[in-house]
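Listed below are the residues making up each chain.
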Amino acid sequence: MEEYAREPCPWRIVDDCGGAFSMGVIGGSVVHSIIGARNAPAGYRHRLVGSFLAIKHKAPVVGGNFAVWGGLFSTFDCALVHIRKKEDPWNSITSGALTGAVLAARNGAVAMAGSAMIGGVLLAMIEGVGILMTRMSAEQFRPVNPQMEDPSQLDQKGPSFGTQYQ
């Protein structure tokens, strides 16, 4: 099975920043279309116009915020890969914590520490679920030991592929 190859670090930052912007704009469009329609005056036309205006004004802001987060995260991740000379879940967890801290820097040290904890824990949960899913899906591709097969089933359908009996 071929492993997913990520792009080199300078391009990875740009790619992740653009992907985060796209996710933010799409998600922001959905959320702000509902909010704009709810806050508009009664009537279908007013609600539709209110929805479009809210999307036009707010979705790019949400996309920009997501892009900042994605760009910082990827920058820290690439820096940690370069410093540590290995790519593992600890880089992502540390990058999430550093990103949270940098984004909360204007609010003081206490807010930085809290945001760093939230970013680190959030990324640890994401990495943990990813590792769990990888292990669960790897179980189905584990080769079967021919000695462990049920002999009664061998008589019915013949020997399995790749086993040789002497």
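Scoring rules and cut-offs
- Residues numbered from 1 in each chain as written.
- Predicted model: local features only at pLDDT ≥ 70, side-chain atom pairs only at ≥ 80, totals over all residues.
- Heavy atoms only, no water.
- UniProt positions renumbered as here; feature names shortened; annotations may be inferred.
- Helix = DSSP H or I, 4+ residues; strand = E, 2+ residues; numbered from the N terminus.
- Buried < 20%, exposed > 50% of the residue type's maximum accessible area, 1.4 Å probe, protein only.
- Contact = heavy atoms within 4.5 Å.
- Disulfide = S-S within 2.5 Å.
- Expected span 1.5 Å × (residues − 1).
- Phe/Tyr/Trp six-rings, centres within 6.5 Å; stacked < 30°, edge-to-face > 60°.

> Account for the UniProt feature "transmembrane region" (unreviewed entry) in the protein chain, naming residues and giving values.
Those residues carrying the UniProt feature "transmembrane region" (unreviewed entry) are residues 20–40, 61–83 and 103–126 in this numbering. Annotation note: span residues 20–40, helix share 95%, strand share 0%, distance between end C-alpha atoms 29 Å. What you have in residues 103–126 is 79% helix and 0% strand, and the ends, taken at the C-alpha atoms, are 20 Å apart.

> With reference to specific residues and values, describe the side chain of Asn-91.
Structurally, Asn-91 can be placed in helix 3 (residues 89–103). Overall, the relative accessible area of 1% leaves Asn-91 in the buried class. Beyond its immediate stretch of four places on either side in the chain, Asn-91 contacts Asp-77, Leu-80, Val-81, Arg-84 and Lys-86.

> Requested: an account of the state of the cysteines, with residues and values cited.
What the rule picks out here adds up to 1 disulfide. Each sulfur in the disulfide pair Cys-9 and Cys-78 lies 2.4 Å from the other. As the torsion about the S-S bond is roughly -100°, the Cys-9-Cys-78 disulfide counts as left-handed. In this pair, Cys-9 is assigned in helix 1 (residues 9–39) and Cys-78 in helix 2 (residues 44–84), connecting sequence segments 69 residues apart.

> Mind laying out helix 4 (residues 109–139), listing which residues take part and the relevant values?
Helix length check: helix 4, at 31 residues, gives a terminal C-alpha distance of 45 Å against a target of 45 Å (1.5 Å per residue), a fit within 8%. Every buried residue of helix 4 is listed here: Ala-116, Gly-119, Gly-120 and Leu-123. Here the buried face of helix 4 lies against helix 2 and helix 3.

> Mind laying out unusual backbone geometry, listing which residues take part and the relevant values?
The backbone of Lys-85 sits at a positive phi, close to 65°, despite the residue not being glycine. Of note, Lys-85 is situated in the loop between helix 2 and helix 3.

> So what's going on with the packing of aromatic side chains? Residues and values would help.
Applying the stated criterion across every chain, the model contains 1 aromatic pair. On the numbers, 5.2 Å between centres and 5° between planes, the contact of Trp-69 with Phe-73 is stacked. Remark: Phe-73 and Trp-69 occur in helix 2; sequence separation between them is 4 residues, near one turn of the helix. Since its relative accessible area comes to 35%, Trp-69 is described here as partly exposed.

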